[in-house]
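Commentary on secondary and tertiary structure
The lines below spell out each chain.
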Amino acid sequence: MVPSETAGRKGRQPDGTSLTREVKVGRLFTQTGFDEDGGPILDRGSTSYIAHFDTSEQFAAKLAAEALARDFHHAPRLAVLADGARWIWNLADKLWPDAIQIVDYYHASKHVNDLADLLKPACPDPAAVRQTLKGHLAAG
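Let's talk about the packing of aromatic side chains
- The full count for this structure, using the stated rule, is one aromatic pair.
- Seen from their ring centres, Phe59 and Trp87 are 6.1 Å apart, and the 80° between their planes marks the pair as edge-to-face. With Phe59 in helix 2 (residues 56–69) and Trp87 in helix 3 (residues 86–95), this pair connects stretches of sequence that are 28 residues apart.
- In this arrangement the basic side chain of Lys24 is found over the ring face of Trp87, its NZ or CZ atom lying 5.8 Å from the centre.

Right under this line is the structure:
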């Protein structure tokens, strides 16, 4: 970010300033086919993005408007993939209450590692616990 974009924003620098800003990004797309292994195939030309520095409420309105314009309310199945932030799940519950909610792999892995760390005092072999948990994560 250039200084004019972070001016006046609270941050984590020692002097309280910010060097970054949070951007909210939404990607809407359709997938109606599968490859020979059963994996999803993204529909060509079906992706649109919403990216803003707005508040979560403003972002939600823009995302909902794009989904409405794209006729997503007629989709047979919807999924929301996110980092697990509470505001995102609240948004998903409000906009698409029947959507499948999925935590992205990176953040799910972090949660698994955090859980393994919490279990260490009660486990004789913490490395085995971590490996077991990661095995469950990989299995999906």
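Here we look at the nonpolar core
- Of all hydrophobic cores here, the largest spans 15 residues; its most connected members are Leu28, Leu63, Val80, Trp89 and Trp96.
- Contributions of two or more residues to this core are made by helix 2, strand 5 (79–82) and helix 3.
- Leaving out residues up to four positions away in the same chain, Leu63 has contacts with Gly26, Leu28, Ile50, Leu91 and Trp96.

Structural notes on helix 4 (residues 105–119)
- Taking 1.5 Å per residue, 15 residues should reach 21 Å; helix 4 reaches 21 Å between its end C-alpha atoms and fits that length.
- Residues Ala108, Ser109, Val112 and Ala116 constitute the buried set of helix 4. Along helix 4, the residues classed as buried sweep out an arc of 100° about the axis, all on the same side. For helix 4, the exposed residues lying more than 90 degrees away from the buried face are Tyr106 and Leu118.
- For helix 4, the N-terminal cap is Asp104; the gap from its side-chain oxygen to the backbone nitrogen of Tyr106 is 3.1 Å.

Scoring rules and cut-offs
- Residues numbered from 1 in each chain as written.
- Predicted model: local features only at pLDDT ≥ 70, side-chain atom pairs only at ≥ 80, totals over all residues.
- Heavy atoms only, no water.
- Phe/Tyr/Trp six-rings, centres within 6.5 Å; stacked < 30°, edge-to-face > 60°.
- Helix = DSSP H or I, 4+ residues; strand = E, 2+ residues; numbered from the N terminus.
- Lys NZ or Arg CZ within 6 Å of the ring centre and 35° of its normal.
- Core = buried A, V, L, I, M, F, W, Y, C linked by side-chain atoms within 4.5 Å.
- Buried < 20%, exposed > 50% of the residue type's maximum accessible area, 1.4 Å probe, protein only.
- Contact = heavy atoms within 4.5 Å.
- Expected span 1.5 Å × (residues − 1).
- Arc of directions from axis to C-beta.
- Polar contact = N/O pair within 3.5 Å; in protein donor to acceptor, adjacent residues only side chain to side chain.

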